[in-house]
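Structure at a glance
Residues per chain, in single letters:
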Amino acid sequence: MELLSGADMLIRSLQDEGIEYIYGYPGGAALHIYDALFRQDKVKHILVRHEQAAVHMADGYARASGQPGTVLVTSGPGATNTITGIATAFMDSIPMVVLCGQVASTLIGEDAFQETDMIGVSRPVVKHNLSVRHPSEIPEIIRKAYYIASTGRPGPVVVDIPKDMTAPNERFEYAYPKKVKLRSYNPAIRGHAGQIKKAVDMMLAARRPIIYAGGGVILGKASGQLTELVRKLGFPVTNTLMGIGCYPASDKQHLGWLGMHGTYEANMAMHHSDLILAVGARFDDRVTNATEKFCPGARIIHIDIDPASISKTIDADVPIVGPVDAVLKEMLALVKESKEKPDAEALSSWWKQIDEWRAFHGMRYETSPDVIKPQEVVEMLCRLTNGDAFVTSDVGQHQMFAAQYYKFDKPNRWINSGGLGTMGFGLPAAMGVKLNYPDDEVLCITGEGSIQMNIQELSTCNQYNLPVKIINLNNQSLGMVRQWQDMNYESRHSHSYMESLPDFIKLAEAYGHVGVRIDRKEDLEPKLKEVLAMKDKLVFVDIQVDRFEHVYPMQVARGCMKDMWLSKTERV
Amino acid sequence: MRRIISVLLENEPGALSRVVGLFSQRNYNIETLTVAPTEDETLSRLTVTTSGSDRVIEQITKQLNKLVEVVKLVDLTEGPHIERELMLVKLKATGSQRAEIKRTVDIFRGQIVDVTSSVYTVQLAGDSDKLDGFIQAIGTSGVLEVVRSGVSGIARGEKVLSL
Ligand SMILES: Cc1ncc(C[n+]2csc(CCOP(=O)(O)OP(=O)(O)O)c2C)c(N)n1
Ligand SMILES: [Mg+2]
């Protein structure tokens, strides 16, 4: 057997885990590891400009590929800078391993230079964390970390590595474990057959059914099974913000996404349904609105890998704990076998009703002869990229417009921070995607507020040649905050106005990229075409959009699913 | 309703802080908490008493189960069980009080485990109500110091919580 130092074992473990890229930033406690990185060329390291961005890069990659991302940082400030990124991944169940340097084990507890209790600090925002207590444990700990991060309900795992664990002078036998044994961690591998049967019987008897699909369908790689089941049953399907792309948006059975800024038809259909099949979704407060008024006539079947997601906010009539792909497959088989068929007459009158709702609103917005509307920018981008780009976003109105008006037919293409709502996510996430999918179009649809939260990464893009397209829907304000102030605080715009914005064009150029400003409506299409034609350039497109636009529909606070504002003046 | 949840936990550094952290992070309350290694030194046994609606209790057990280091758990209050808590209490004991205290300790089946000219130290085990009852019977004015272990519990009969 080979003898390796702790640092070399760590890097070898990453190689044996099949890790191609890691994202990170060096510092004292991680220097043995960085030296080991230098002495090999299989694992490639991307040097970011702020550790938060390293985590979002790993996260963007994980969301696009379904594979765990990897981050390497130093102790203390390096580690604490990752926290927002880790919390972002945690809220959206993204698989990720974050390797953190730590002061030497002999110094822990002494307030040593750059010492932070990362195990304690990260505890509430990780799926699990592990610390290395002897160098020889490293291969097993790394194997465990990836296993825990990517199985069951995925999530981030932090590994804390005291500096003496990676010291170059001590060597140990290296073998990468093939299997992990964890007696206390056994995620479900299939759903309960009896429950599945019961659910299928209810589905076939339903008169106004709806399928409500969440991010779990994408994480569980079950889009194919979901699509097949939905088509077989002929039911309407809606999905959450996190579930965008799990069912093709251009399909007739798709009602768009639901919840606070969901479509009129999706929210209406949910409210009036008699059966909800929830798949990998968690009845989050941005979906349900007031829980006590939630869908009064509906019985609920809830499939989720995480038992704690079931009956947490809304009681399920038929809970099914299991991986969504396996459960949907079994459901489909039962539906095919069954002598019962969905009630065609009931379904057709249900569809008639839904189509009326669809026609009533249809995601209309007012256009203007001279002001550029953010919605039309997104619609145009969707058209110009054939709806096939990876789109990352930040948080605010631009995020909602991107999600509403870009039509995703594939999973893993819409990449946003849904659970934590982290401004600053979009650019680094786009970079993580572009690095791993260099031939695909990668758009970051952002706002002038959000982009400034990780703008330093333009420098990383230059170093590694990451030609993403940044679409800055510049409304010169923290638009989503301003919208809430318009609606709830009589338009008192307390600190939601962005004064002294930088010249984004010069800024992009200073970092070695191309900047394009669009402020006239007639320039929009030709300039966007030019931008998209610059395949190998990062282009920062600063688009001056309507400063007063609001996102609609918007659910009325503390109401039920169907209580919505449809424009500044229409309420239903 | 008050519940007693018994947990088998990997005996590893940091595992206990995850359990405690979960309760504060999710706004669940802890009334008592006891923990010690078991006959299998790789495992700790932890007993927590808490209260909440059925939905909250269901969430507590599910969220605890989700912790990677939690091996198994049971809500003892769902079935017949035995619960015990240990109390050590220091009482002012002078003159006629001494006989009076001795009588009360006997009634509660406690023991006087340490004596000075003015103080008795009493040891008492039982369920939490019994310990409360003893303090009430003695009267708080004579109590100098109380230390309670928190509840430990075990199911009655054949049922065991083990690997
Ligand atoms: C890190 C962080 N801080 C604060 C917020 C609260 N917040 C939500 S949306 C928003 C405004 C975002 O402004 P901008 O990026 O310009 O987007 P717009 O809404 O104008 O499209 C703010 C401040 C947040 N989501 N994330
Ligand atoms: Mg803005």
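This one's a predicted model, so the numbers in the text were calculated from it and none came from an experiment. Throughout, a residue's number is its position along its own chain's written sequence, starting from 1. Note on labels: chains are lettered from A, ligands numbered from 1, in written order. Only residues with pLDDT of at least 70 are given local features in this predicted model, and only at 80 or more are side-chain atom pairs given and counted; all residues enter the totals for whole chains, interfaces and linings. Hydrogens and water molecules were not included; the side-chain quantities draw on all heavy atoms of the structure.

**Overview of the interface of chain B and chain A**
Whether two residues are in contact is decided by their heavy atoms: any pair within 4.5 Å suffices. Each side of the interface is counted separately: chain B has 21 residues, and chain A has 20 residues. Buried area is a sum: the accessible area each of two parts loses on coming together, probed at 1.4 Å, counted once for each and added. Here chain B and chain A share an interface that buries about 1,700 Å² over both sides, 45% of which is from carbon and sulfur atoms. When residues of chain B are sorted by the area they lose upon contact with chain A, Arg18(B), Arg55(B) and Val68(B) head the list and together hold 38% of the total. In this structure, Asp306(A) engages Lys66(B) in a salt bridge whose closest nitrogen and oxygen atoms are separated by 2.6 Å. We define a polar contact as two N or O atoms separated by no more than 3.5 Å, with the added condition that, inside protein, one atom must be a possible hydrogen donor and the other a possible acceptor, whereas residues neighbouring each other in sequence contribute only through side-chain atom pairs. Taken together, chain B and chain A are joined by 12 residue pairs in polar contact (both at pLDDT 80 or more). Here, a salt bridge means any side-chain nitrogen of Lys or Arg that lies within 4 Å of a carboxyl oxygen of Asp or Glu.

**What about the coordination of the magnesium ion (ligand 2)?**
Residues and elements named next belong to chain A. Around the magnesium ion (ligand 2), the protein contributes the donor atoms Glu 448 (OE), Glu 448 (OE), Asn 475 (OD1) and Ser 477 (O), which lie 2.1 to 2.5 Å from the metal centre. Each donor residue of the magnesium ion (ligand 2) belongs to the same chain, and together they define the spacing E-x26-N-x1-S. With a gap of 27 residues between them, Glu 448 in the loop between strand E17 (442–446) and helix H18 (458–464) and Asn 475 in the loop between strand E18 (469–474) and helix H19 (479–488) connect regions that are remote in the sequence. The same class applies to Glu 448 and to Asn 475, which are both buried. Donor criterion used throughout: N, O or S atom within 2.8 Å of the metal, extended to 3.2 Å for Na, K and Ca. Water excluded; incomplete-looking sites may result. Labels follow the DSSP assignment, with helices taken as runs of H or I lasting at least four residues and strands as runs of E lasting at least two, numbered in each case from the N terminus. Between buried and exposed lies partly exposed: a residue is buried under 20% and exposed over 50% of the maximum accessible area for its type, with that area taken using a 1.4 Å probe on protein chains only.

**Observations concerning the sheet that holds E17(A)**
All names here are of chain A. If you walk across this open sheet you meet the 6 strands as E16-E15-E17-E18-E20-E19, and the pairing is parallel. Of all strands in the sheet, those with a lone pairing partner are strand E16 (414–415) and strand E19 (514–518), marking the two edges. In this scheme, strands are said to pair when DSSP sees at least two bridges between them. Alignment of E19 against strand E20 (residues 539–544), held across 5 bridges, turns out to be parallel. By the bridge assignment for E20, Gly 515 is matched with Phe 540. The strands that helix H21 (residues 524–533) touches are E17, E18, E19 and E20; relative to E19, the one it contacts most, it runs at about 165°. Helix axes are fitted only over the stretch in contact, all axes being lines through C-alpha atoms; the angle between N-to-C directions runs from 0 to 180 degrees.

**Description of the pairing of strand E7 (residues 119–126) of chain B**
Residues and elements named next belong to chain B. By the criterion of burial, E7 is predominantly enclosed, with 6 of the 8 residues buried. Two strands pair when backbone bridges link them, and strand E5 (residues 81–92) and E7 are joined in this way by 8 bridges, in the antiparallel orientation. Bridging from a neighbouring strand, Lys 90 pairs with Thr 121 of E7. Note: strand E6 (residues 111–115) against E7, 4 bridges, orientation antiparallel. For Asp 114, the partnering residue across the bridge sits in E7 and is Thr 121. Between E6 and the antiparallel strand that follows it, E7, lie 3 residues.

**What to know about the domain arrangement of chain A**
All names here are of chain A. Note: domain ranges come from an automatic or database domain assignment. If you check the domain split of chain A, you get domain 1 (2–174), domain 2 (193–359) and domain 3 (374–551). The C-alpha centroid of domain 3 is placed 30 Å from the C-alpha centroid of domain 1. On the side of domain 3, 28 residues touch domain 1, which itself brings 24 residues to the contact. Of the roughly 2,000 Å² buried where domain 1 meets domain 3, counting both sides, 62% is carbon and sulfur surface. In this structure, the connection of domain 1 to domain 3 is made through 0 salt bridges. Where the side of domain 1 that touches domain 3 is concerned, the elements lending two or more residues are strand E2 (21–25), strand E3 (44–47), helix H3 (51–65) and helix H5 (83–91). The element that contributes the greatest number of residues to the side of domain 1 that touches domain 3 is H3, accounting for 10 residues. Any residue outside Ala, Val, Leu, Ile, Met, Phe, Trp, Tyr, Cys, Pro, Asp, Glu, Lys and Arg is labelled polar, Gly included; the first ten of those are nonpolar and the last four are charged. Looking at the side of domain 1 that touches domain 3 residue by residue, the class counts come to 11 nonpolar, 9 polar and 4 charged.

**Re the nonpolar core**
Throughout, nonpolar core names a set of buried Ala, Val, Leu, Ile, Met, Phe, Trp, Tyr and Cys residues whose side chains join them through atoms within 4.5 Å. Residues Leu226(A), Ile301(A) and Met331(A) are the most contacted members of the largest nonpolar core, which totals 62 residues. Membership of the second largest hydrophobic core comes to 49 residues, among which are Ile86(A), Met118(A), Leu435(A) and Val442(A).

**Details of helix H8 (residues 193–205) of chain A**
Helix span is expected to be 1.5 Å times the residue number reduced by one. With 13 residues, H8(A) ought to run about 18 Å at 1.5 Å a step, and its terminal C-alpha atoms sit 19 Å apart, in line with that. Of the surrounding elements, those touching the buried residues of H8(A) are helix H10 (223–233), strand E12 (275–279), strand E13 (299–304), strand E14 (318–321) and helix H13 (324–337) of chain A.

**Some remarks on the side chain of Ser223(A)**
Inspection of the secondary structure assignment puts Ser223(A) in helix H10. When residues no more than four places from it in sequence are discounted, the contact partners of Ser223(A) are Val217(A), Gly245(A), Cys246(A) and Pro411(A).

**Quick notes on the environment of Thr82(A)**
All names here are of chain A. As for its position among the elements, Thr 82 is in the loop between helix H4 (77–80) and H5. Taking relative accessible area as the criterion, Thr 82 reaches 0% and is therefore assigned buried. Spatially, the C-alpha atoms of Thr 82 and Met 260 are 29 Å apart, while their sequence positions differ by 178 residues. With near-sequence residues (within four places) excluded, Thr 82 lies in contact with Glu 51, Val 55, Val 73 and Met 118.

**Notes on the packing of H8(A) against H13(A)**
For any two helices packed against each other, the geometry is given by the interaxial angle and the distance between the axes. Residue and element names in this part refer to chain A. At a closest axis distance of 10 Å, the pairing of H8 and H13 adopts a crossing angle of 55°. Relative to H13, the element H8 lies oblique. At the point where H8 passes H13, the crossing takes the right-handed sense. Packed against H8, whose contacting residues are Ile 196, Lys 197, Ala 199, Val 200, Met 203 and Leu 204, the element H13 presents Val 327, Glu 330, Met 331, Leu 334 and Val 335 at the interface. Residues belonging to the contact of H8 with H13 are distributed by class as follows: 9 nonpolar, no polar and 2 charged. Note on terminology: angles under 35 degrees are roughly parallel, angles over 145 are roughly antiparallel, angles of 65 to 115 are roughly perpendicular, and the others are oblique. Should the near helix be turned anticlockwise from the far one by less than a right angle, the crossing is left-handed, and should it be turned clockwise, the crossing is right-handed.

**A short note on the sheet that holds strand E1 (residues 2–10) of chain B**
Residues and elements named next belong to chain B. Strand order in the open sheet formed by 4 strands is E2-E3-E1-E4, with antiparallel pairing between adjacent strands. The sheet is open, and its two edges are formed by strand E2 (32–37) and strand E4 (70–75), each paired on a single side. If you compare each strand with its neighbour and ignore which way they point, the axes differ by 15° on average. When E1 meets E4, the two strands line up antiparallel, connected through 5 bridges. Of the residues in E4, the one forming a bridge with Ser 6 is Val 74.

**Focus: H13(A)**
Between its first and last C-alpha, H13(A) extends 20 Å over 14 residues, near the 20 Å set by a 1.5 Å rise per residue. Contact partners of the buried residues in H13(A): H8, helix H9 (215–219), H10, E12, E13 and E14 of chain A.

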